[in-house]
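# Analysis of the macromolecular model
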Amino acid sequence: MNIKTFITLCLCFACNLIHAQEDIYHTACTQEINLKSRYFDFERKILVKLPPAYSLMDAEDYDVTYVFDAQTTQFFDMASAYPIFLNTGWHSQGIVVGICSPQETEYNRREDFLPNDSLTRNVFKLREGYSDKFMRFVKEELIPYVRSHYRTTERNLAIGHSLGASFLLQCLLDGAVFNDYFFFSPNLAFSKSMLANKFIRHTFDKTSRHYLFFSDAAEEKVRGWEGWQQPRERVYQYIDSKALPQNIVCSHKSYPNSEHFASFPLALQDAYIHYFAYREAKDTLAEGALFTKHIEVIVNNPKCEVYIAGNQASLGNWDAGKIKLKHINDSVRAIDVKVQLPAQFKFTRGNWQSEAFLANASSGINLRIDNKSRTTYIYKVSAWADE
């Protein structure tokens, strides 16, 4: 890398950092929403944290992480913060949605997370278990709300702890609600190990890929919780038997020296590290149906030619000088292209020494399109690496 290119990279990084610092106080703050539901007679408190510079980076869509038990704000805060410290790639920035459960005597997290069978109701002294209704609220109301109000990709991750993790296992087995799951210290023992049995017998759709991470701590050492161990070990044995189809990537880890809550940050860090490595490997290859996207690039030089290079044939298979955008006018270059998702690409002026740095999308990493419904993407060039 010559000194000119190095200086350009430093300037672009500094500009992005300045934008993030300016923006963090008014767009990365946590928004609080009270969402109505046809399934409940109360409004549900929802927390939404946007990435720094979300409003500036309007060419980007973001993965969404859904965190349960967000009324315990430490869960939400840790889930939001860890990716920033662990990664410098695209996955360090995402939208985090916290789902709060009521904390009233009459209705609390147990009613949200537990099913309505008589055995479960008797053990937990519930009037009724609402996990089915809660699942429909998340799938039919919350996720569509987030998709319609924010720029999101097709990929989401759900994080749950204890009974929240038990609920997420119900979401995986009964509702296909999320793509990927972190199950931290789930209770698999209630209702005669119902969830463990269902997981082991479940027939997964072989066309959908999922990442699953299970953790446990020292629960079985606590008096009254000894029953958690046996169904958990059966699930782990099943995972280790390699019986799951190849499209399901599943791992587990134990934290025997940490108690039920103290294991959460340890498991969260490990789960994120493994998950991001999985995503980096899987997302390099696009798959599935084709989607037509209109891509525009705004330039300052009327004589500038722009090329696109990406991870599939329609994007030139990373050939920096193969596919040139159409000259629309002095400032606009454009292309209509059919891509599989996720599409990853960069812009150049015909070679990799002239890579583009952008004002409204992250520079230095691959640009990504992973949204089926969004049809138009407009990128603004701030500099070229060889200028």
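Residues numbered from 1 in each chain as written. Predicted model: local features only at pLDDT ≥ 70, side-chain atom pairs only at ≥ 80, totals over all residues. Heavy atoms only, no water.

### Describing empty space enclosed by the protein
- Considering all chains together, one arrives at one cavity of 30 Å³ or more under this definition.
- Approximately 60 Å³ is the volume attributed to the largest cavity.
- As for the largest cavity, its lining consists of Lys-346, Phe-347, Glu-355, Ala-356, Phe-357, Leu-358, Ser-362, Ser-363, Gly-364, Ile-365 and Leu-367.
- With three residues, the top contributor of residues to the lining of the largest cavity is strand S15 (residues 356-358).
- Counted by class, the lining of the largest cavity contains six nonpolar, three polar and two charged residues. (1 Å grid on protein atoms, 1.4 Å probe; cavity = no way out; pocket = protein on both sides within 12 Å on 5 of 7 lines; lining within 4 Å. Points joined across faces, edges and corners; volume = space filled by probe spheres on them. Helix = DSSP H or I, 4+ residues; strand = E, 2+ residues; numbered from the N terminus. Nonpolar A, V, L, I, M, F, W, Y, C, P; charged D, E, K, R; others polar.)

### Comments concerning the pairing of strand S17 (residues 376-384)
- As paired strands, strand S9 (residues 287-298) and S17 are joined by five bridges and run parallel to one another. From the neighbouring strand, Ile-295 faces S17, where its bridge partner is Tyr-377.
- Inspection of the sheet shows S15 paired to S17 by three bridges, in the antiparallel sense. If you follow Phe-357 over to S17, its bridge partner there is Ala-383. (Pairing = 2+ DSSP bridges.)

### Digging into the environment of Glu-140
- Summarising the element assignment, Glu-140 is placed in helix H5 (residues 131-149).
- Considering only alpha carbons, one finds Glu-140 and Ser-37, 103 residues apart in sequence, at a separation of 9.7 Å.
- Once residues within four sequence positions are removed from consideration, Glu-140 is found in contact with Arg-38 and Tyr-39.
- At 2.6 Å, the side chain of Glu-140 forms a polar contact with the side chain of Arg-38. (Contact = heavy atoms within 4.5 Å. Polar contact = N/O pair within 3.5 Å; in protein donor to acceptor, adjacent residues only side chain to side chain.)

### Concerning the nonpolar core
- Tyr-66, Phe-68, Val-97, Phe-178, Tyr-181, Phe-199 and Phe-214 are the most contacted members of the largest nonpolar core, which totals 58 residues.
- Of all the elements, helix H6 (residues 163-175) adds the most residues to this core, at eight residues.
- Every residue in contact with Val-97, bar those within four places of it in the chain, is listed here: Ile-46, Leu-47, Val-48, Val-64, Thr-65, Tyr-66, Val-67, Phe-76, Leu-142 and Val-146.
- Listed in part, the 26 residues of the second largest apolar core include Ile-295, Cys-304, Leu-341 and Leu-367. (Core = buried A, V, L, I, M, F, W, Y, C linked by side-chain atoms within 4.5 Å. Buried < 20%, exposed > 50% of the residue type's maximum accessible area, 1.4 Å probe, protein only.)

### Some details on the packing of helix H7 (residues 190-201) against helix H8 (residues 229-240)
- Contact pair H7 / H8: the axes reach a minimum separation of 9 Å and the direction vectors enclose 10°. Put simply, H7 runs roughly parallel to H8. Contacts between H7 and H8 involve Ser-193, Ala-196, Asn-197, Phe-199 and Ile-200 on the former and, on the latter, Gln-230, Pro-231, Arg-234, Val-235, Tyr-238 and Ile-239.
- For the contact of H7 with H8, a count of residues per class yields seven nonpolar, three polar and one charged. (Axes fitted to C-alpha atoms, helices over the stretch in contact; angles between N-to-C directions. Parallel < 35°, antiparallel > 145°, perpendicular 65-115°, else oblique.)

### Some details on the environment of Pro-342
- Checked against the element boundaries, Pro-342 lands in the loop between strand S13 (332-341) and strand S14 (343-348).
- Sequence separation of Pro-342 and Lys-326 is 16 residues, and the distance between their C-alpha atoms is 23 Å.
- Once you skip the residues sitting within four places of it in the chain, Pro-342 turns out to touch Asp-283, Leu-285, Ala-286, Asn-311, Gln-312, Arg-368, Ile-369 and Asp-370.

### Let's talk about the confidence of the model for the protein
- Here the protein averages 91 in pLDDT, and 93% of its residues register 70 or above.
- Across residues 1-27, where pLDDT falls below 50, the model places 33 contacts with residues more than four positions away in sequence or in other chains. (pLDDT = per-residue confidence, 0-100.)

### Some remarks on the layout of surface pockets
- Taken as a whole, the second largest pocket holds about 940 Å³ of empty space.
- For the lining of the second largest pocket, the secondary structure elements donating two or more residues are strand S3 (62-68), H5, strand S5 (152-161), H6, helix H9 (263-282) and S9.
- Of the residues belonging to the lining of the second largest pocket, the class tally is 16 nonpolar, eleven polar and twelve charged.

### Quick notes on the packing of aromatic side chains
- For the structure on display, the rule yields 41 aromatic pairs.
- Centre to centre, the rings of Tyr-181 and Phe-183 are 5.4 Å apart; their planes meet at 10°, and the pair counts as stacked.
- Between Phe-199 and Phe-204, the ring centres sit 6.1 Å apart and the planes meet at 75°, which makes this aromatic pair edge-to-face. Residue Phe-199 shares its accessibility class with Phe-204, and that shared class is buried. (Phe/Tyr/Trp six-rings, centres within 6.5 Å; stacked < 30°, edge-to-face > 60°.)

### Section: the sheet that holds strand S6 (residues 180-184)
- Ordered by their spatial adjacency, eight strands build an open sheet running S1-S2-S4-S3-S5-S6-S7-S8, and the pairing between neighbours is mixed. The two strands at the open ends of the sheet, each matched to only one other strand, are strand S1 (30-35) and strand S8 (248-254). Across the sheet, the axes of successive neighbouring strands diverge by a mean angle of 15°, strand direction being ignored.
- Here five bridges tie S3 to strand S4 (residues 95-99), and the two strands are oriented parallel to one another.

### Quick look at the pairing of strand S2 (residues 44-49)
- Sheet analysis places S1 next to S2, joined by six bridges and oriented antiparallel. Note on S2: the bridge partner recorded for Leu-35 is Arg-44.
- Two strands pair when backbone bridges link them, and S2 and S4 are joined in this way by four bridges, in the antiparallel orientation. Bridge pairing in S4 links Lys-49 to Val-96.

### What about the pattern of salt bridges?
- The final tally for this structure, using the stated rule, is 20 salt bridges.
- The partner of Glu-287 in a salt bridge is Arg-209, with the nearest N and O atoms 3.3 Å apart. With Glu-287 in strand S9 and Arg-209 in the loop between H7 and strand S7 (210-216), the pair connects residues that are 78 residues apart, well separated along the chain.
- Accessibility expressed as a relative area gives 15% for Arg-209, which makes it buried.
- Close ionic contact of Glu-387 with Arg-349 constitutes a salt bridge, the shortest N to O distance being 3.9 Å. One end of the pair, Glu-387, is in the segment after S17; the other, Arg-349, is in the loop between S14 and S15, and 38 residues separate them in sequence.
- By relative accessible area, Arg-349 is classed as partly exposed at 28%.
- Overlapping salt bridges bring together Asp-63, Arg-209, Arg-279, Asp-283, Glu-287 and Arg-368 as one network. (Salt bridge = Lys/Arg side-chain N within 4 Å of Asp/Glu carboxyl O.)

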